[in-house]
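Okay, here's what each chain looks like letter by letter:
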Amino acid sequence: MKLVIAAYLLATSVGIAKAQTCVQGLWNIEVTGKCDYATILAAYEQQVFHATGATSCAEGTVTAEQELNSLLTNLNQDVATICKNLYDNMDTTEFYEGAGKGTDYEFEKAFYNGHSKWVEEVETTYESADGSATSRLREDAASVNAFYQGDGSYSQVNMPPLENFEQCDANAVMCCWPKDRQAADNNGNCNRNTYSENCVDKDPADNTNLCFVDMERGEASTGNSGDGLVAFPDDDEGAIHCHGLAWANDVDDSSARYKGNNLFFVAMYDHMYQRGYVENVPGAPMCGCVEQMPTVTRSDCTEIDATERFKITYDSTTNEIEGSIALVDINFNACQGINNRNNDLWAYMGRLFYEGKIKNTQWGEAGRIITNSDCKAAVRAQYNEMGLEYGYDYDMSTFTFVAGRGELKLTEKFGHQAFATSMFDHSLTAPSDINAVPFDKNPILMRACAECSDTHKRVFYRRLTKMPEDKDLLYCITETRGNCGGFNVWNKDFTLHSTYEDAVNGDNAWSCPNNAFNYGAPFD
């Protein structure tokens, strides 16, 4: 952490006169705070210039600022360069020391992609003869706690050289975990009382909705090739927990210099060691640049607060300045974001933008991954970008239009007999024997609604029983609100399904609250 700036000034050869200085000999200043001109000037004035007998000039003839500026002129230096060199020459700690699993980063690569012993094992009593617990995270990963208590909080930790973190154009990293493997920590639903049975695949605290996974995003990290999309527009992905960090473009900003510390804290210490949150969302790394991660509605966030004490020493006899970092003390806190939204990665990046620390394009890129709203619009936008259409790819030529309302009234609806013949005799799934109980195949009627919610845009009616010849089933469905005199009873005469395939196979029939079907709104 030693910085030496030697100034060899030959005034006669370069034609520059040496500025007059009043403070001679050796002096040093020690400062807690940010290394910049204002901080150094204030310390210089208090600790050096106004010290008894420090200056040879008559009182009031020169100011501390003039004296410091004269010194910098003589050295052909400026404070910004001195501070940058000081930061650039700090002693640093390698990231691999946190896990203590070797220097080749193979363990870290596996871990941040959602693998490794720490991720895949669960505490159990089945592996020991005496019934004692093995695979205990607090013991197996004790090095993580030791590193956090030491260098992880008191030195600058370098980012790991992994593909997960090499191209973070938005200056943000996010982790998403679908699994809790540790009990008795007040996080997730892993239960110590029945560890081996009920802590194998338990859920973390749910703090976001997973909108979709674009398989191509995480290719560089996971090594999986594919351009598929897995979407969850209706919040049916299960519990998932996401947490991230972001940093300024200025490499000397503390958020940028200590981002390695922050990554270690978020992923290995706070969430894995403290809470037991592990594993990756399939198709994505567990942690990576936000550009590689799944699209989610929000993410928690941690920022660092660094206390630094630096020392600058000057000796006029050698005309050298030596600078060093004397103390580093890092605290990890919930991010403070815009609009009083704290512990929120998107809002924190908004703060960095308004403070001039990142560009609007970087905040916007993060907003493409963190929607800051529900999933529906994000999923539709991704479908459009990929040239996909929401729903199922049915060959509509195999369906026959039988009735419609409003803009969907394409022709006059079928009459009683025409519909019965089409439904029970000529449809693709018409039963071979109309009198058989049950049918060997079941006629399917699709109801389409452009303005309904996504789950109700297409509903498939599966007929289970024969309809009396004097009963008009199409009229009952489209014009009445009842059970057609007892001949159109839910779960006796028909079931409803979300897909044609489910209707054909009789799978995943809709259920109703309290097992009560609403005949007043049969498709709602």
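Residues numbered from 1 in each chain as written. Predicted model: local features only at pLDDT ≥ 70, side-chain atom pairs only at ≥ 80, totals over all residues. Heavy atoms only, no water.

Helices and strands together make up the secondary structure of the chain, namely 19 helices and 17 strands. Taken along the three principal axes of its C-alpha coordinates, the chain extends 120 × 65 × 40 Å. The contacts in the chain between residues at least 6 apart in sequence include a share of 70% that link residues at least 24 apart. Put simply, the chain shows about 25,800 Å² of open surface, and 47% of that area lies on carbon and sulfur atoms. For the chain, the distance from the average position of its 40 positive side-chain charges to the average position of its 77 negative side-chain charges is 6 Å. (Helix = DSSP H or I, 4+ residues; strand = E, 2+ residues; numbered from the N terminus. Contact = heavy atoms within 4.5 Å. Areas by Shrake-Rupley, 256 points an atom, 1.4 Å probe, with all protein chains shown as cover. Lys, Arg positive; Asp, Glu negative; His and termini not counted. Charge placed at Lys NZ, Arg CZ, Asp CG, Glu CD.)

As enumerated under the stated definition, the model contains 27 aromatic pairs in all. A ring pair is formed by tryptophan 177 and tyrosine 277, whose centres lie 6.5 Å apart and whose planes are at 50°; its orientation type is tilted. Taken together, the positions of tryptophan 177 in strand 5 (residues 172-177) and tyrosine 277 in strand 10 (residues 277-278) put the pair 100 residues apart, joining distant regions of the chain. Residue tryptophan 177 is classed as buried on the basis of its relative accessible area, which comes to 0%. By relative accessible area, which is 0% here, tyrosine 277 ends up buried. Ring plane angle 15° and centroid distance 5.0 Å describe the contact between tyrosine 461 and phenylalanine 494, whose orientation is recorded as stacked. Highlighted residues: tyrosine 461 in strand 16 (residues 458-463) and phenylalanine 494 in strand 17 (residues 494-497), separated in sequence by 33 residues. Look at phenylalanine 494 and you get buried, because its relative accessible area is 3%. (Phe/Tyr/Trp six-rings, centres within 6.5 Å; stacked < 30°, edge-to-face > 60°. Buried < 20%, exposed > 50% of the residue type's maximum accessible area, 1.4 Å probe, protein only.)

Attention now goes to empty space enclosed by the protein. This structure, assessed with the given rule, holds three cavities of 30 Å³ or more. Quantified by volume, the largest cavity comes out at close to 100 Å³. Ile477, Gly482, Asn488, Phe494 and Pro522 are, among the 13 residues lining the largest cavity, the residues nearest its centre. Elements that contribute at least two residues to the lining of the largest cavity include exactly helix 18 (473-479) and strand 17. (1 Å grid on protein atoms, 1.4 Å probe; cavity = no way out; pocket = protein on both sides within 12 Å on 5 of 7 lines; lining within 4 Å. Points joined across faces, edges and corners; volume = space filled by probe spheres on them.)

A surface patch of negative charge is lined by Asp201, Asp203, Asp206, Asp235 and Asp236. Structurally, the position occupied by aspartate 236 is in the loop between strand 8 (229-231) and strand 9 (241-246). Accessibility expressed as a relative area gives 53% for aspartate 236, which makes it exposed. (Patch = residues over 30% accessible without salt bridge, like charges linked within 9 Å, V, L, I, M, F, W, Y side chains within 5 Å. Salt bridge = Lys/Arg side-chain N within 4 Å of Asp/Glu carboxyl O.)

Attention now moves to the pairing of strand 13 (residues 300-315). Two strands pair when backbone bridges link them, and strand 2 (residues 26-32) and strand 13 are joined in this way by seven bridges, in the antiparallel orientation. What sits directly across from threonine 32, in strand 13, is arginine 309. With two bridges connecting them, strand 9 and strand 13 associate as parallel partners. Following the sheet pairing, histidine 243 is matched in strand 13 by aspartate 300. Note that strand 13 and strand 14 (residues 320-334) share 14 bridges and pair antiparallel. For arginine 309, the partnering residue across the bridge sits in strand 14 and is leucine 327. Linking two consecutive strands that pair antiparallel, namely strand 13 and strand 14, is a turn of four residues; a positive phi of about 55° is found at asparagine 319 within it. (Pairing = 2+ DSSP bridges.)

Mapped onto the secondary structure, histidine 271 falls in helix 13 (residues 259-273). According to the relative accessible area criterion, histidine 271 is buried, its value standing at 0%. Those residues within four positions of histidine 271 in sequence are excluded, and the remaining contacts are Trp177, His241, His243, Phe265, Val266, Gly276 and Tyr277.

To continue, consider the state of the cysteines. Counted by the stated rule, this structure contains eight disulfides. Here cysteine 35 engages in a disulfide with cysteine 83; their sulfurs sit 2.0 Å apart. Looking down the S-S bond of the cysteine 35 and cysteine 83 bridge, the torsion is -75°, so its handedness is left-handed. Taken together, the residues cysteine 35 in the loop between strand 2 and helix 2 (37-49) and cysteine 83 in helix 4 (residues 79-88) connect sequence positions 48 residues apart. Of the residues examined, cysteine 83 reaches a relative accessible area of 3% and is grouped as buried. Disulfide pairing places cysteine 211 opposite cysteine 375 at an S-S distance of 2.1 Å. (Disulfide = S-S within 2.5 Å.)

With that settled, the discussion passes to the pairing of strand 9. Counting buried positions along strand 9 gives six out of six residues, so the element sits mostly inside the fold. Across the two faces of strand 9 the burial is the same, with His241, His243 and Leu245 and Cys242, Gly244 and Ala246 all buried. Sheet analysis places strand 5 next to strand 9, joined by six bridges and oriented antiparallel. Bridging from a neighbouring strand, alanine 172 pairs with alanine 246 of strand 9.

A few words on the packing of helix 2 against helix 3 (residues 64-75). Running from N to C, helix 2 and helix 3 point in directions that differ by 110°, and their axes come no closer than 10 Å. Between helix 2 and helix 3, the interaxial angle falls into the category roughly perpendicular. Along its contact with helix 2, which presents Tyr37, Ile40, Leu41, Tyr44, Glu45 and Phe49, the element helix 3 presents Ala64, Glu65, Glu67, Leu68, Asn69 and Leu72. For the contact of helix 2 with helix 3, a count of residues per class yields eight nonpolar, one polar and three charged. (Axes fitted to C-alpha atoms, helices over the stretch in contact; angles between N-to-C directions. Parallel < 35°, antiparallel > 145°, perpendicular 65-115°, else oblique. Nonpolar A, V, L, I, M, F, W, Y, C, P; charged D, E, K, R; others polar.)

Before going further, it helps to spend a moment on the sheet that holds strand 12 (residues 295-296). Taken together, the three strands give an open sheet; going across it, the order is 8-7-12, and neighbouring strands pair in antiparallel fashion. Looking at the sheet topology across the chains shown, the edges are occupied by strand 8 and strand 12.

Let us now look at the nonpolar core. Ranked by size, the top nonpolar core spans 71 residues in total, and within it Ile40, Phe111, Tyr112, Trp118, Val144 and Met268 carry the most contacts. Among the elements that line this core, the one with the most residues is helix 13, at nine residues. When residues no more than four places from it in sequence are discounted, the contact partners of methionine 268 are Ala99, Phe107, Glu108, Phe111, Tyr112, Trp118, Val144, Leu263 and Tyr273. (Core = buried A, V, L, I, M, F, W, Y, C linked by side-chain atoms within 4.5 Å.)

Turning to the pattern of salt bridges, a few remarks are in order. Applying the stated rule across the entire model yields 18 salt bridges. When the shortest N-O distance is used, the salt bridge between lysine 84 and aspartate 252 registers 4.0 Å. In this pair, lysine 84 sits in helix 4 while aspartate 252 sits in the loop between strand 9 and helix 12 (254-257), placing the two residues 168 residues apart along the sequence.

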